[in-house]
Amino acid sequence: MHGDDGFTVALLPHLIKNYEAWEQRHFVAEVGLFWQTGHDDGMEYNINSRQTKDILRGAPSFRPSFNTYMWADAQAIARMAERTGDVETAKRFRAKADALKERIQALLWDPKREFFFPMYRDAEERDGHKIKARTLTYESGQFAEDPHGRELIGFVPWQFNMLDENKGYEVAWKKIMDRDAFYADFGPSTVERHDPLFLLKNSCCWWSGQSWPYATTQTLKGMANLLQGGERTVVTADDYVKLLQVYARTHRKQGRPYLAEACHPDTGSFEGHDGYNHSEHYFHSGYCDLVITGLVGLKPVSPMAFDVQPLAPATWDWFALDDVSYHGRRVSIVWDRRGTRYAQGAGMHVLVDGQKVASAPNLERLSVSLPPQARPKADPTHETAVNFAVNNDGTYYPRLTASYSAPKTSTGKLHDGNYWYHQHPPNRWTCEGSPNERDWVIVDLGTPRRVHTVKLYVLDDGGESGSLVRTPERMQLDAWIEAAWRPIAPTDRHLQEPLGHRANVVRFDPIETNKFRVTLQHRAGTKSGLTEIEAWGDAKLPLAQAPPPEGNLALNSDPKTKEFPKVSASHTSRFDRLTTANDGITNFLPTPANRWTSYESKSPSDWLEIDFGRDVEFRRIELALYDDRGGVQAPSAYVVQQWTGTEWRDVPDARKSPERPVGGQWNEVRFDPVTATRVRIVFTHRGAARSGVTEVMVWND
């Protein structure tokens, strides 16, 4: 849609590496397909997994969805390589894509049931029923020869226009509008209505009949591709509009816009799938894209051209898609059946930057070439607005500290680029439980930045559910200048009279500072909270990152080539990598991307050890405690121990900040200097949860 060749060139080697890693772990050469479990393909408790001993994750299978994704990745890599002039890479990945498409069509299409199905990789057994390896859904096992087994993922190949033409695959779509198959008032359902394993569960996460908005997006995208490719014998444009209307009705709860993970296909209820902090914040829907590329039919072709092929009914009097950004141009598409609505005349019209460039009397395919555009010369001195406070890369800076953090809240959420105002959202920091009349947050940018605006996203829970979080009575903003805290804009109304549930924007003459402090004065009987802090200034891109301070004795950024310092643990979760504990990267996000945890450990306590390989002196340790608020939480307590050569001994006079461990942020312990070859942290787990870190740093400053 926008084109960025520089970004493409930079990204290409990483995409190739990613694809080859999937090949190494999941590609079966003699079959020519990738395997994946239903769970890790995003479909828990599906009809195939429920025929195995692990009904949640399911058995490894060659799935039409996952293999189509890999085909699309290979195609994209080939196209990107062509654009960068790498002919050999383009040829190699085009061959991978061609071979994968041939195998999907040859092995996963069942001509008898006229649909694409997953194929079991191995033999499976459950309750005495045996499934043969390399058989499709219901080809063997308890439901052998049953005529059903179809799932919405069988439509995914159309999502990417993968299939060969004139092979008869389009017959699969006759099931989409059939009430005995997928069609429902709030559907489509993910499994056919009369499937022997069709099941609607009022709990997460059953892909056996519920309507899943994400799968609906995929299906409608594939349907639009089919129709815009010229196939109108099995389904029609009217069917697309009807399903899109169903989808629109699904985006509601009690009459208001809403979406969660899955809904009842007959009632539209999200009950059981939208509990607190479960799925109500997910971005499941691709509804807008379905309107833009399907209903209105804007289809990208090249930086200088696009097609318009609407699926909207010609009986509609009018519609408009206005002000779409396309490679720096502003595109509008209007349909005016009588010519009285938009003053452009009767028919369909395309406007680019306010000028009409193409028209057609009917809703038909229209190819549009963009008129030439004089492009301004690049200005190497151009500056753009930058939020200096955000940190999503896991680097040492920018770094936040606070005078107090309430349990289950974290300073790490204050600069992750997200602000949420839902009551008690997981994306917040508050002072509930603080003994202080006022509390502060310090944002350390790590290097001087020229800042002119600070935005403070203030919380106010309004007294619901017993929360004490309210808008602070007032706020103070200070900058660290000439080795002292100095006030910024002390008379600003957003600081003197802050407002909750919105950004309180403080603008001032640009100042250069490497850190600033926000102090919140709590109202009587309440405590304050924020969901995000932003610090804006103008700078040239790309922005150079602030380097981490030198002297981290635990750092081993490349364990393959550097033996020490090395890390070990009493237990490491099968979902984690031990070496991430001292690789210099911090990631508090709720995914196991960069963390060590003792999840699934049978012990009430576990330890993590750093071996320096030599005697070193140290006096401070920083722990980035990981907390997913489920199976991994901040420990109830921890101690730091040194190896004396014969035994482990607690470090002397340990002083912790905060005193009680807090997850999702940095925890620090200082102590009298010690000299040792090894140090370890012993975690006492919190209840049934287990402990973890995303990084450990050891200092002698």
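This structure is a prediction, so every number in the text was calculated from the model and none was measured.

Caption draft 1: The arrangement of the sheet that holds strand E17 (residues 366-369) in detail. In spatial order, the strands read E11-E12-E17; together these three strands make up an open sheet with antiparallel pairing. Looking at the sheet topology across the chains shown, the edges are occupied by strand E11 (298-302) and E17. Within this sheet the neighbouring strands show an average axis-to-axis angle of 25°, counted without direction. Looking at chain direction, strand E12 (residues 305-308) and E17 are connected through four bridges and run antiparallel. Bridge pairing links Asp307 to Ser367 in E17.

Caption draft 2: Expanded view of the sheet that holds strand E16 (residues 355-360). If you walk across this open sheet you meet the four strands as E13-E14-E15-E16, and the pairing is antiparallel. Edge positions in the open sheet fall to strand E13 (318-326) and E16, since each of these has one partner strand only. Going across the sheet, the axis of each strand differs from the next one's by a mean of 15°, ignoring polarity. Pairing of strand E14 (residues 329-336) with strand E15 (residues 347-352), which is carried by six bridges, proceeds in the antiparallel orientation. Bridged to Trp335 within E15 is Met348.

Caption draft 3: Main features of the state of the cysteines. Across all of its chains, the model carries one disulfide by this definition. Here Cys204 connects covalently by a disulfide to Cys205, the sulfurs 1.2 Å from one another. A residue is classified by how much of its surface remains accessible, and Cys204, at 24% relative accessible area, is partly exposed. On the basis of relative accessible area, Cys205 is assigned to the buried category, the value being 9%. Of the cysteine sulfurs around Cys263, a residue in no disulfide, the closest is that of Cys204, at 14 Å. Judged by its relative accessible area of 0%, Cys263 falls in the buried class.

Caption draft 4: Geometry of empty space enclosed by the protein. With the rule as written, the count across this model stands at one cavity of 30 Å³ or more. Each pocket or cavity is described by its volume, and for the largest cavity that value is around 40 Å³. Looking at the largest cavity, the residues that line it are Gly38, Asn46, Asn48, Ser49, Arg57, Gly58, Ala59, Ser61 and Arg63. Tallied by class, the residues present in the lining of the largest cavity amount to one nonpolar, six polar and two charged.

Caption draft 5: Highlighting the nonpolar core. Membership of the largest hydrophobic core comes to 87 residues, with the highest contact counts inside it found for Phe155, Trp158, Tyr240, Phe306 and Ile333. No other element matches the nine residues that helix H2 (residues 64-83) contributes to this core. Here Ile333 is in contact with Val296, Leu298, Val308, Phe319, Ala320, Leu321, Met348, His349 and Val350, once residues within four sequence places are set aside. By size, the runner-up hydrophobic cluster in this structure holds 29 residues, among which are Leu456, Leu495, Leu530 and Ala539.

Caption draft 6: Representation of the layout of surface pockets in the model. Within this model, the second largest pocket holds a volume of roughly 1,600 Å³. Contributing to the lining of the second largest pocket are 40 residues, with Met1, Ala76, Arg79, Pro300 and Val301 lying nearest its centre.

Caption draft 7: Representation of the pattern of salt bridges. By the definition in use, this model includes 41 salt bridges. In this structure, the salt-bridge partner of Arg338 is Asp317, at a minimum N-O distance of 2.9 Å. With Arg338 in the loop between E14 and E15 and Asp317 in the loop between E12 and E13, this pair connects stretches of sequence that are 21 residues apart. The exposure class assigned to Asp317 is partly exposed, which follows from its relative accessible area of 31%. Between Arg474 and Glu473 there is a salt bridge, and its shortest N-O distance comes to 3.0 Å. Judged by relative accessible area, which is 35%, Arg474 ranks as partly exposed. What you see here is one network of salt bridges that share partners, running through Arg399, Arg620, Glu622, Glu668, Arg670 and Asp701.

Caption draft 8: A look at the side chain of Arg113. Relative to the helices and strands, Arg113 is located in the loop between strand E4 (109-110) and strand E5 (115-116). Among the polar contacts listed, one links the side chain of Arg113 to the side chain of Asp110, at a separation of 2.7 Å. Ignoring sequence-local partners within four residues, the contact set of Arg113 consists of Leu136, Thr137, Tyr138, Glu139, Asp146, Pro147, His148, Gly149 and Arg150.

Caption draft 9: Highlighting the packing of helix H6 (residues 237-250) against helix H7 (residues 287-295). At a closest axis distance of 11 Å, the pairing of H6 and H7 adopts a crossing angle of 160°. For the element pair H6 / H7, the angle class is roughly antiparallel. Like other packed secondary-structure pairs, H6 and H7 cross with a definite hand, here left-handed. Contacts between H6 and H7 pair Tyr240, Val241, Leu244, Tyr247 and Ala248 from the former with Tyr287, Leu290, Val291, Gly294 and Leu295 from the latter.

Caption draft 10: The pairing of strand E25 (residues 529-539), seen in detail. With nine of eleven residues buried, E25 is to be regarded as a mostly interior element. As paired strands, strand E18 (residues 384-387) and E25 are joined by four bridges and run antiparallel to one another. Residue pairing in the sheet places Thr384 in a bridge with Ala539 of E25. Pairing analysis gives two bridges linking strand E20 (residues 429-430) to E25, with the strands arranged antiparallel. Residue pairing across strands places Trp429 opposite Leu530, the latter belonging to E25.

Definitions and cut-offs
- Residues numbered from 1 in each chain as written.
- Predicted model: local features only at pLDDT ≥ 70, side-chain atom pairs only at ≥ 80, totals over all residues.
- Heavy atoms only, no water.
- Pairing = 2+ DSSP bridges.
- Helix = DSSP H or I, 4+ residues; strand = E, 2+ residues; numbered from the N terminus.
- Axes fitted to C-alpha atoms, helices over the stretch in contact; angles between N-to-C directions.
- Disulfide = S-S within 2.5 Å.
- Buried < 20%, exposed > 50% of the residue type's maximum accessible area, 1.4 Å probe, protein only.
- 1 Å grid on protein atoms, 1.4 Å probe; cavity = no way out; pocket = protein on both sides within 12 Å on 5 of 7 lines; lining within 4 Å.
- Points joined across faces, edges and corners; volume = space filled by probe spheres on them.
- Nonpolar A, V, L, I, M, F, W, Y, C, P; charged D, E, K, R; others polar.
- Core = buried A, V, L, I, M, F, W, Y, C linked by side-chain atoms within 4.5 Å.
- Contact = heavy atoms within 4.5 Å.
- Salt bridge = Lys/Arg side-chain N within 4 Å of Asp/Glu carboxyl O.
- Polar contact = N/O pair within 3.5 Å; in protein donor to acceptor, adjacent residues only side chain to side chain.
- Parallel < 35°, antiparallel > 145°, perpendicular 65-115°, else oblique.
- Left-handed = near helix turned anticlockwise from the far one by under 90°.

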